[in-house]
Amino acid sequence: MAPEIDGSDSDTDWVDGLKDRARRKRAKRPPTDRAQELPESEGNAVVAEIFPNRAAVRPDGAKDRVLCQYRMATLAFGGPTRERSPVCVGDRVKVEAGIITGRCLRRNVLARSAPNSRDPLLHAVAANLDHLVIVASAREPAFTPGIVDRFLVAAAAQDIQAILVVNKSDLLPPGGER
């Protein structure tokens, strides 16, 4: 005989005898001991390339890059907005035994909003820039003024001198029309 689906059969009430241990969902909380940004004099390397949880850094006085690890939790910096990654290309950092342990104060940062619907999240592209050279094609691919405008506005907001270079002008028809 098949058990009844409505639950009136005592053989199907086996769930009632189990202890109800519902797991409480805990919200992810940011660490309370946020990292402090270091003065520039405490840094001993500059970030040259970023990988997931790793960065290639160029130590002071060295030619070669060294691959170092970092942890988001130890480099979480306080502020009104969160960052996608605690370090970016151009950051001056403190490296100890192959691990990035601190980031120095940034002079400026070129950043964009990372796609995230819940919290404001920034994606830092580069830091401590002297100049920003924007290279765009006149044709093939077509010139896109929107992206150029966004870079120019971001550079102006951080007081970074921007230089616009338009290449492939030889592909334009005579008279400069597109």
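From a predicted model like this one, the values you see are computed outputs, not experimental measurements.

Caption draft 1: Broad picture of the overall build of the protein chain. Secondary structure assignment for the protein chain yields 1 helix and 10 strands. Classification of the 178 residues of the protein chain by burial places 26% in the buried group. Sequence-distant contacts in the protein chain: of pairs separated by 6 or more residues, those separated by 24 or more amount to 54%. When the accessible area of the protein chain is evaluated, it comes to approximately 13200 Å², of which 53% is carbon and sulfur surface.

Caption draft 2: Quick look at a nonpolar patch on the surface. A cluster of nonpolar side chains, namely Val133, Val135, Ile163 and Val165, defines an oily patch on the protein surface of about 300 Å² accessible area. Secondary-structure elements contributing two or more residues to the nonpolar patch are strand 9 (131-137) and strand 10 (161-167). Relative to the helices and strands, Val133 is located in strand 9. Val133 sits in the partly exposed class, given a relative accessible area of 48%.

Caption draft 3: Highlighting the side chain of Arg92. The topology assignment puts Arg92 in strand 5 (residues 92-96). Of note is the side chain of Arg92, whose polar atom sits 3.3 Å from the backbone oxygen of Glu40. At 2.9 Å, the side chain of Arg92 forms a polar contact with the backbone oxygen of Gly43. Those residues in contact with Arg92, other than ones at most four positions away along the chain, are Glu40, Gly43, Asn44, Ala45, Val46, Asp60, Arg103, Cys104 and Asn128.

Caption draft 4: Structural context of the nonpolar core. Judged by nonpolar contacts, Ala45, Val47, Ala55, Val57, Cys68, Tyr70, Leu75, Val87, Val93, Val95 and Ile100 together constitute the single largest core of 11 residues. When residues no more than four places from it in sequence are discounted, the contact partners of Val47 are Ala55, Ala56, Val57, Val87, Cys88, Val89, Gly90, Asp91 and Val93. Residues Ala126, Ile134, Ala154 and Ala155 belong to the second largest nonpolar core, which totals 10 residues.

Caption draft 5: Just unusual backbone geometry, in detail. Residue Pro141 is reached from Glu140 by a cis peptide bond, and omega for that bond is 5°. Along the chain, the position of Pro141 falls in the loop between strand 9 and helix 1 (145-157). Unusually for a residue other than glycine, Ala97 sits at a positive phi of about 55°. Tracing the chain through its elements places Ala97 in the loop between strand 5 and strand 6 (99-103). Backbone geometry places Asn128, a non-glycine residue, at a positive phi of 55°. Mapped onto the secondary structure, Asn128 falls in the loop between strand 8 (121-127) and strand 9.

Caption draft 6: Representation of the side chain of Arg106 within the structure. Locating Arg106 in the fold gives a position in the loop between strand 6 and strand 7 (109-113). A polar side-chain atom of Arg106 sits 2.8 Å from a polar atom in the side chain of Asp91.

Caption draft 7: Expanded view of helix 1. Between the first and last C-alpha of helix 1 there are 18 Å, a value that for 13 residues agrees with the 18 Å anticipated at 1.5 Å per step. All of the buried residues in helix 1 are Val148, Ala154 and Ala155. The arc that holds every buried residue of helix 1, seen down its axis, measures 130°, which confines them to one face. Opposite the buried face of helix 1, at more than 90 degrees from it, the exposed residues are Arg150, Val153, Ala156 and Ala157. Tucked into the core, helix 1 has its buried residues touching strand 7, strand 9 and strand 10.

Caption draft 8: Highlighting the pattern of salt bridges. According to the stated counting rule, one finds 6 salt bridges in the structure shown. Between Arg92 and Asp60 there is a salt bridge, and its shortest N-O distance comes to 2.6 Å. Of this pair, Arg92 sits in strand 5 while Asp60 sits in the loop between strand 2 (54-59) and strand 3 (66-69), placing them 32 residues apart in sequence. We note a salt bridge from Arg106 to Asp91, for which the minimum N-O separation is 2.8 Å. Of this pair, Arg106 sits in the loop between strand 6 and strand 7 while Asp91 sits in the loop between strand 4 (82-83) and strand 5, placing them 15 residues apart in sequence. As far as burial versus exposure is concerned, Arg106 and Asp91 are alike and both buried.

Conventions and cut-offs
Residues numbered from 1 in each chain as written. Predicted model: local features only at pLDDT ≥ 70, side-chain atom pairs only at ≥ 80, totals over all residues. Heavy atoms only, no water. Helix = DSSP H or I, 4+ residues; strand = E, 2+ residues; numbered from the N terminus. Buried < 20%, exposed > 50% of the residue type's maximum accessible area, 1.4 Å probe, protein only. Contact = heavy atoms within 4.5 Å. Areas by Shrake-Rupley, 256 points an atom, 1.4 Å probe, with all protein chains shown as cover. Patch = residues over 30% accessible without salt bridge, like charges linked within 9 Å, V, L, I, M, F, W, Y side chains within 5 Å. Salt bridge = Lys/Arg side-chain N within 4 Å of Asp/Glu carboxyl O. Polar contact = N/O pair within 3.5 Å; in protein donor to acceptor, adjacent residues only side chain to side chain. Core = buried A, V, L, I, M, F, W, Y, C linked by side-chain atoms within 4.5 Å. Expected span 1.5 Å × (residues − 1). Arc of directions from axis to C-beta.

Scope: geometric values only; no functional claims are made or implied.
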